[in-house]
Structures are given as C-alpha cells and as structure tokens.
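In case you want the letters, here they are:
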Amino acid sequence: MGFFDFMTEDIAIDLGTANTLIIHNDKVVIDSPSIVARDRITGKIIAVGKEANMMQGKTHENIKTIRPLKDGVIADFDASEKMISLFIKSIPALKKKMFTPALRMVVCIPSGITEVEMRAVKESCERVNGKEVYLIHEPMAAAIGIGVDIMQPKGNMIVDIGGGTTEIAVIALGGIVCDKSVKIAGDVFTNDIVYYMRTQHNLFVGESTAEKIKITIGAALEDLETPPEDMSVQGRDLLTGKPKQVDVSYREIAKALDKSIQRIEDAVMETLSQTPPELAADIYNTGIYLAGGGSMLRGLDKRISQKTDLPVYIAEDPLRAVVRGTGMALKNIQKFRSILIK
C-alpha cells in the first residue's frame with residue numbers, strides 16, 4: 001500500500017448544479033460555475049467554469065453552453081465527466097505531476113437521489129481516475145461544514161438551499177432521521193425573476209442578468225432593516241424590441257420570489273412535523289442552520305424564523321459549507337465511515 005499511497009491524491013468535490021467546488025490539501029482549489037461550452041461542429045469542449053459562464057446567453061449556433069447538472073443530479077453524463085476531468089486537471093498542485101495520480105475522492109450528492117443517479121456520479125468520478133470514490137449526503141456534509149458535531153445524540157436541523165435543490169434534514173447520531181428534498185432553489189429563484197421582469201416591466205432579461213439581480217438586490221422580505229439600493233437592469237423591451245433599462249427595488253424581487261420561498265417554508269414545516277418528539281425538543285433549543293447560496297437571500301433567515309418560531313443561523317461562508325464538510329469527511333474517513341457511501 002505504501003507506494004500506492006504516495007501516488008494517491010485526496011480530493012473532496014461538491015458537484016453542484018450551479019457551482020462546483022474542489023478541496024485539495026485542505027484548500028479550496030476550484031470554485032467555478034458548473035457549466036461547459038461545447039463546439040457544435042467538432043464536439044470539443046472549448047471552455048469550462050468561469051469562461052463558459054461568461055458565454056452563457058451570448059453564443060452563436062456553433063457554440064452551445066451546457067449545464068451538465070440539473071436539480072442536483074447529472075443530466076448530461078458526457079459533459080459532466082469532461083467538466084470534472086478539466087477541473088481536476090486544472091488543480092495547480094496536480095498540474096506539476098508528470099502523470100495523473102490516482103485519486104481518493106469524497107463527492108456529495110443530494111439526499112433525495114435515486115440509485116441510478118448515484119451510480120452516474122460514481123462512474124463519472126471513476127472515469128477521471130478515481131480509485132476510491134465515497135459519496136456523502138449533502139445535508140450531512142453541510143452539517144459537518146457548519147461545525148455541528150453530528151455524531152452526538154442531539155437533533156440538528158439543516159436547510160441547504162443550493163442551485164438545483166433545497167435539502168432539508170434532521171440529523172442525529174451520524175444519520176439523517178427525516179429529510180426532504182425539494183426542487184426549488186437558486187435556479188427557480190432566477191427564473192422567477194425573469195418571469196417577473198417580463199410580466200411586470202415588459203422587459204426580457206437573460207438568465208445571467210436575472211442572477212445578477214438576485215445577488216445584488218434579492219430579498220425574501222418586503223421590509224428589510226438595511227435595504228440594498230435600487231438596481232438598474234438592462235434588457236430587451238418586449239413591446240418595441242429596443243434595448244431598455246428599468247430600475248428595480250428589492251421589494252419587487254421579494255414579491256417575485258414569494259411563492260417559491262413559501263414552498264421552501266412549507267417543506268421546512270413538513271420536515272419539522274415528521275421529526276420525533278425528542279429531536280424536536282433538541283431543535284427547539286438549537287434552532288435551524290441555513291447553508292448554500294440561497295441562504296444569502298436577504299431576510300430569508302428572519303422569514304423562516306418567523307414562520308417556525310425557531311432561531312435561524314446562517315453558516316459562515318454558506319457557499320462553501322458543503323465542500324468544507326466534504327473535505328473534513330475526507331480527512332477523517334475512519335471517523336465518518338458510517339456516513340460515507342462506498
């Protein structure tokens with residue numbers, strides 16, 4: 001084993017619908033949008049990550065941008081494999097090596113995933129030279145990343161709002177007691193904004209612009225203590241066909257997202273109602289932890305707190321909570337053996 005060990009590199013991957021993050025040697029070495037651009041004629045991948053993201057919505061017919069993951073699962077097997085492979089090859093420490101080292105990987109997956117989808121993730125990783133591939137459920141990884149001691153006989157509730165799915169789980173004794181995975185998350189928020197701009201302002205905006213709006217002035221409540229400034233949004237006027245600009249306030253975005261956030265709230269309430277009473281007692285004291293990019297929506301913590309009457313905490317650096325947890329699981333594979341799926 002000694003020589004093989006020397007040749008093996010450990011990496012932790014958070015393969016997200018919106019962003020892919022990779023940890024190597026306890027450092028986040030890759031943090032890129034999960035998107036690739038492919039040349040239609042040759043079928044070659046011409047850009048990946050941030051470069052491909054800049055092309056999104058601006059391509060001509062010979063270039064196609066693909067988001068290989070949809071709702072947290074692999075939708076385009078070929079593209080996802082190429083994407084993972086390119087990301088791994090661009091890790092600075094692995095570039096120096098003469099040949100690709102064997103990899104020991106821990107990859108996180110949504111909790112509501114089927115066997116087939118699980119195998120797709122595993123096979124993708126084995127094809128990029130993953131010799132040992134472990135999978136970990138996303139809410140678990142998020143909990144470890146937030147710093148919750150998941151092995152304790154104490155209940156903790158995690159709500160992880162990602163790009164494709166929102167994962168809600170109650171965790172105790174190193175296992176998921178009850179969970180719910182809903183397909184309402186960042187992507188749906190973005191589409192809600194596109195729809196709102198179209199119906200309320202007669203303005204057609206692209207996905208990238210809608211995402212910018214969401215990040216700049218996105219909100220979950222119509223009255224915030226520290227409201228963001230209004231934002232000018234450019235797009236195409238649907239009536240005249242001319243490019244035009246409108247000013248949008250955070251209150252409008254809160255309106256646009258209201259229905260979707262309600263559905264996340266309902267899922268949280270449903271999970272709480274399925275929680276065994278002893279764990280419910282714990283959660284009354286510990287509250288709810290939010291992770292994932294969606295948790296950065298202004299006022300979302302307050303809104304969920306008002307709905308559930310529980311304290312709500314946002315993880316520090318919520319975008320990286322999951323990959324941090326995955327990295328910790330990778331470091332202590334022995335300790336977390338019970339929660340890793342081989």
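Taking an unreviewed UniProt entry as the reference, the chain is identified by name as Cell shape-determining protein MreB belonging to Flavobacterium cerinum. Taken directly from UniProt, the Sequence similarities (unreviewed entry) text for the chain runs: "Belongs to the FtsA/MreB family." On record in UniProt, under Subcellular location (unreviewed entry), the comment for the chain is "Cytoplasm".

A count of helices and strands for the chain gives 12 helices and 18 strands. At 21 Å, the chain has a C-alpha radius of gyration in line with the 20 Å of a compact globule built from 342 residues. Across the 342 residues of the chain, 51% fall into the buried class. Considering only residue pairs separated by 6 or more positions, the chain has 64% of its internal contacts joining residues 24 or more positions apart. When the accessible surface of the chain is totalled, it reaches about 16,400 Å², and 51% of it is carbon and sulfur. Averaging the locations of the 42 positively and 45 negatively charged side chains of the chain gives two centres separated by 5 Å.

So, about the side chain of Ser-111. On the secondary structure map, Ser-111 appears in the loop between strand 9 (102-109) and helix 5 (115-127). Taking relative accessible area as the criterion, Ser-111 reaches 13% and is therefore assigned buried. Not counting the four nearest positions on each side in its chain, Ser-111 is found in contact with His-137, Pro-139, Glu-167, Asp-179 and Ser-181.

Below, the discussion takes up the sheet that holds strand 16 (residues 243-248). The strand order across the open sheet formed by 3 strands is 14-15-16, and the pairing between neighbours is antiparallel. In the strand order of this sheet, the two ends are held by strand 14 (203-204) and strand 16, each with one partner. Two strands pair when backbone bridges link them, and strand 15 (residues 231-237) and strand 16 are joined in this way by 6 bridges, in the antiparallel orientation. Of the residues in strand 16, the one forming a bridge with Ser-232 is Asp-247.

The side chains of a regular strand alternate, first on one face of the sheet and then on the other. For strand 1 (residues 8-15), a buried count of 7 out of 8 residues is recorded, marking the element as mostly surrounded by other parts of the structure. Judged from the 7 bridges that link them, strand 1 and strand 9 form a sheet pairing that is parallel. Residue Ala-12 lies in a different strand from strand 9, and its bridge partner there is Val-106.

Glancing now at the UniProt feature "binding site: ATP" (unreviewed entry) in the chain. Mapped onto the present numbering, the UniProt feature "binding site: ATP" (unreviewed entry) falls at Thr-17, Ala-18, Asn-19, Gly-163, Gly-164, Thr-165, Glu-211, Lys-212, Ile-213 and Lys-214. Along the chain, Thr-17 turns up in the loop between strand 1 and strand 2 (19-24). Taking relative accessible area as the criterion, Thr-17 reaches 5% and is therefore assigned buried. Non-local contacts of Thr-17, meaning those with residues more than four positions away in its chain, are made with Ser-34, Arg-67, Leu-69, Lys-70, Asp-71, Gly-72, Gly-163, Gly-164 and Asp-187. The class of Gly-164 is buried, set by a relative accessible area of 5%.

In this section: the environment of Thr-226. Relative to the assigned elements, Thr-226 resides in the loop between helix 8 (207-217) and strand 15. Sequence spacing of Thr-226 and Phe-204 is 22 residues, and the spatial spacing of their C-alpha atoms is 29 Å.

To continue, consider the pairing of strand 5 (residues 45-48). Pairing geometry for strand 4 (residues 36-39) and strand 5, over 3 bridges, is antiparallel. Across the sheet, residue Val-36 finds its bridge partner in strand 5, namely Val-48. Hairpin connection, strand 4 to strand 5: the antiparallel pair is bridged by 5 residues, and Gly-43 has positive phi, about 75 degrees.

It is worth spelling out the nonpolar core at this point. One finds Phe-189, Met-197, Ile-213, Val-233 and Ile-288 to be the most contacted residues of the largest nonpolar core, which totals 46 residues. Ranked by residue count, the leading element in this core is helix 9 (residues 250-273), at 9 residues. Each of two domains, domain 1 (146-184 + 261-318) and domain 2 (186-256), supplies a minimum of three residues to this core. Setting aside chain neighbours within four positions, we find Ile-288 in contact with Met-157, Val-159, Val-268, Ile-304, Thr-308, Leu-310, Pro-311, Val-312 and Tyr-313.

What follows deals with the packing of aromatic side chains. In total, this model carries 1 aromatic pair according to the counting rule given. Residue placement shows Lys-342 over the ring face of Tyr-134; its charged tip is 4.7 Å from the ring centre.

Another aspect to go through is the sheet that holds strand 4. Taken together, 3 strands build an open sheet; the order of strands is 5-4-6 and the sheet is antiparallel. Every interior strand has two partners, whereas the edge strands, strand 5 and strand 6 (63-66), have only one. Shown here is a sheet whose adjacent strand axes are inclined to one another by a mean of 20 degrees, direction ignored. Together, strand 4, strand 5 and strand 6 form the strand contacts of helix 3 (residues 77-89), whose direction differs from that of strand 5 by roughly 60 degrees.

The figure often quoted for interface size is the accessible area lost as the parts come together. When cut into domains, the chain gives domain 1 (146-184 + 261-318) and domain 2 (186-256). Counting residues at the interface gives 15 residues for domain 1, matched by 15 residues for domain 2. Between domain 1 and domain 2, a total of about 1,200 Å² is buried, with carbon and sulfur atoms accounting for 61% of that surface. Where domain 1 packs against domain 2, one counts 1 salt bridge. Taken together, the links from domain 1 to domain 2 amount to 9 residue pairs in polar contact (both at pLDDT 80 or more). Going through the elements one at a time, helix 9 and helix 11 (300-308) are the ones with two or more residues in the side of domain 1 that touches domain 2. Partitioning the side of domain 1 that touches domain 2 into residue classes produces 6 nonpolar, 5 polar and 4 charged.

Calculation rules
- Residues numbered from 1 in each chain as written.
- Predicted model: local features only at pLDDT ≥ 70, side-chain atom pairs only at ≥ 80, totals over all residues.
- Heavy atoms only, no water.
- UniProt positions renumbered as here; feature names shortened; annotations may be inferred.
- Helix = DSSP H or I, 4+ residues; strand = E, 2+ residues; numbered from the N terminus.
- Rg over C-alpha atoms; globule rule 2.2 N^0.38 Å.
- Buried < 20%, exposed > 50% of the residue type's maximum accessible area, 1.4 Å probe, protein only.
- Contact = heavy atoms within 4.5 Å.
- Areas by Shrake-Rupley, 256 points an atom, 1.4 Å probe, with all protein chains shown as cover.
- Lys, Arg positive; Asp, Glu negative; His and termini not counted.
- Charge placed at Lys NZ, Arg CZ, Asp CG, Glu CD.
- Pairing = 2+ DSSP bridges.
- Core = buried A, V, L, I, M, F, W, Y, C linked by side-chain atoms within 4.5 Å.
- Domains from an automatic or database assignment.
- Phe/Tyr/Trp six-rings, centres within 6.5 Å; stacked < 30°, edge-to-face > 60°.
- Lys NZ or Arg CZ within 6 Å of the ring centre and 35° of its normal.
- Axes fitted to C-alpha atoms, helices over the stretch in contact; angles between N-to-C directions.
- Buried area = accessible area lost by both parts, 1.4 Å probe.
- Salt bridge = Lys/Arg side-chain N within 4 Å of Asp/Glu carboxyl O.
- Polar contact = N/O pair within 3.5 Å; in protein donor to acceptor, adjacent residues only side chain to side chain.
- Nonpolar A, V, L, I, M, F, W, Y, C, P; charged D, E, K, R; others polar.

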